Amino acid sequence: MESSFTFRPIGIVESPFREKFGTPRQPGLVEESRGTIRLRDDLNPDAFEGLEGYSHIWAIFVFHENQSVREGRETVKTKVKPPRLEGQSVGVFASRSPHRPNPIGLSLLTIDKIEGRALHVRGLDLIDGTPILDLKPYLPSIESKTDASEGWSGALTNKTIAVEWAPQALSDITRLYGNSDIRSEIEKILNLDPRPVSYRGTKENPDPYTSRYGFRHGDFNVVFTMLSHEPKKARIERIEPWADPSTIE
Ligand SMILES: C[S@@+](CC[C@H](N)C(=O)[O-])C[C@H]1O[C@@H](n2cnc3c(N)ncnc32)[C@H](O)[C@@H]1O
């Protein structure tokens, strides 16, 4: 059983998320997270005809920012450590980990609007530039299972972070984004604790590496400080233009 297949992406995602840090961990967790799936130039946008009546779409994509993908290596590890399990491992096929034998992901997104080659979506969990392999409408009459059971992930409670805004951050967000719902988007991203498990610390050692973080959203950097570990609390300090570290002298 040794075969391989070559697929050409049908389009690319345009997203405010430019790096893994700060990208929601699943679709729909932050419904305000908007982006666009832009169809490849040589594909006729009539491929979208009939989609207007659907509210949600399955996007099948490549985890192109995985280090293994960038280095052209295969991943053959069969156990992964999902962040929500805080160090415990499960089989890769019992997880939504990006690190899988075929680095292919599946996200259920809300359709906002279709404009020519642009499919505007909400509830995004994908990084800018993500190659899309296929799109399929979500069929609630078939795919919504009211008697579904959820394994290990269903038993977990989310340890959220309470968020406050420093006056500087509030004035930054009003100046930069006006009345948009980006304030609530940023707050929810932080509520869900974007930090990697190793950075989350313990009661005795709450900030093993740092208590100050920044995540990129569009052309801006959202700077926040962890204020306390139990209960978890953070303050958004400011929102500043993002500067490429490689160009800073
Ligand atoms: C846990 S995966 C789940 C993705 C999808 N919903 C699934 O279940 O297959 C989501 C995370 O993958 C990472 N990610 C998003 N787009 C990516 C990309 N193009 N390449 C590599 N990692 C990506 C981000 O860190 C994001 O939080």
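Attention shifts here to the domain arrangement of the protein. One can read the domain layout of the protein as domain 1 (11-66 + 103-140) and domain 2 (156-247). If you average the C-alpha positions of domain 1 and of domain 2, the two centres end up 25 Å apart. The partner domain 2 presents 19 residues to the 13 residues of domain 1 that form the contact. Counting across the interface, domain 1 meets domain 2 through three salt bridges. Across the pair R34 and D181 runs a salt bridge, and its minimum N-O distance is 3.0 Å. Applying the counting rule to domain 1 against domain 2 returns nine residue pairs in polar contact (both at pLDDT 80 or more). Looking at the side of domain 1 that touches domain 2 residue by residue, the classes come out as six nonpolar, two polar and five charged.

It is worth spelling out the packing of helix 3 (residues 167-177) against helix 4 (residues 182-191) at this point. How two helices pack is summed up by the angle between their axes together with the distance between the axes. Direction vectors running N to C along helix 3 and helix 4 enclose 130 degrees, while the axes themselves pass 10 Å from each other. Considering their axes alone, helix 3 and helix 4 lie oblique with respect to each other. Within the contact between the two elements, helix 3 uses L170, I173 and Y177 and helix 4 uses I182, R183 and I186. Looking at the contact of helix 3 with helix 4, its residues break down into five nonpolar, no polar and one charged.

Parameters at a glance
Residues numbered from 1 in each chain as written. Predicted model: local features only at pLDDT ≥ 70, side-chain atom pairs only at ≥ 80, totals over all residues. Heavy atoms only, no water. Domains from an automatic or database assignment. Contact = heavy atoms within 4.5 Å. Salt bridge = Lys/Arg side-chain N within 4 Å of Asp/Glu carboxyl O. Polar contact = N/O pair within 3.5 Å; in protein donor to acceptor, adjacent residues only side chain to side chain. Nonpolar A, V, L, I, M, F, W, Y, C, P; charged D, E, K, R; others polar. Axes fitted to C-alpha atoms, helices over the stretch in contact; angles between N-to-C directions. Helix = DSSP H or I, 4+ residues; strand = E, 2+ residues; numbered from the N terminus. Parallel < 35°, antiparallel > 145°, perpendicular 65-115°, else oblique.

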